Amino acid sequence: QVQLVESGGGLVQAGGSLRLSCAASGRTFSDYSVGWFRQVPGKEREFVGAISRSGINTYYGDSVKGRFTISRDNAKNTVYVQMNRLKPEDTASYYCAANLRVVSKDPDEYDYWGQGTQVTVSS
């Protein structure tokens, strides 16, 4: 098993930046593909992006492509998402998730989830 803890959320003005972290403990972190998702109350969980076990391959949702960058440091058991040019519509709770299989845009493919961190972007 792996335990995930997100951090780095907060309040930022539109156009600003934030970096979220997903720290893992437990089983060897490099065994896991990691995805980031976000959710607004009353709406379905939205795929933000994902990164392969090695970090070589990354994938992004259309709404964040070109603005967000996902990376990982397996030595530190941490995955990051650098969020630039933030927009009010990026306001959501952000979650990281992990699985032992390939990266996926489908949240149902992920077995382990963090508690989430809130990002609020003011206009």
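Higher on the page you've got the structure.
Cut-offs and rules
Residues numbered from 1 in each chain as written. Predicted model: local features only at pLDDT ≥ 70, side-chain atom pairs only at ≥ 80, totals over all residues. Heavy atoms only, no water. Disulfide = S-S within 2.5 Å. Helix = DSSP H or I, 4+ residues; strand = E, 2+ residues; numbered from the N terminus. Pairing = 2+ DSSP bridges. Axes fitted to C-alpha atoms, helices over the stretch in contact; angles between N-to-C directions. Salt bridge = Lys/Arg side-chain N within 4 Å of Asp/Glu carboxyl O. Buried < 20%, exposed > 50% of the residue type's maximum accessible area, 1.4 Å probe, protein only.

### Examining the state of the cysteines
Now for step 1: Enumeration according to the criterion identifies 1 disulfide in this entry.
Now for step 2: Each sulfur of the disulfide joining C22 and C96 lies 2.1 Å from the other. Here C22 and C96 share a disulfide; its torsion about the S-S bond, 70°, makes the bridge right-handed. Here C22 is found in strand β3 (residues 18–26), whereas its partner C96 is found in strand β9 (residues 92–99), with 74 residues between them in sequence.

### Considerations on the sheet that holds strand β8 (residues 78–83)
Now for step 1: Ordered in space as β1-β3-β8-β7, the 4 strands form an open sheet in which the pairing is antiparallel. Each having just a single partner strand, β1 (2–7) and β7 (68–73) make up the two edges of the open sheet. Strand-to-strand twist in this sheet, taken as the mean axis angle between neighbours without regard to direction, amounts to 15°.
Now for step 2: The pairing of β7 with β8 spans 6 bridges and is antiparallel. Within β8, the residue paired with T69 across the bridge is Q82.

### Observations concerning the pattern of salt bridges
Now for step 1: Applying the stated criterion across every chain, the model contains 6 salt bridges.
Now for step 2: With a closest N to O distance of 2.7 Å, R67 and D90 form a salt bridge. Of the two residues, R67 is situated in the loop between β6 (58–60) and β7 and D90 in the loop between β8 and β9; the sequence distance between them amounts to 23 residues.
Now for step 3: You can call D90 buried: its relative accessible area is 0%.
Now for step 4: The network of salt bridges with common partners includes R38, E46, R67 and D90.

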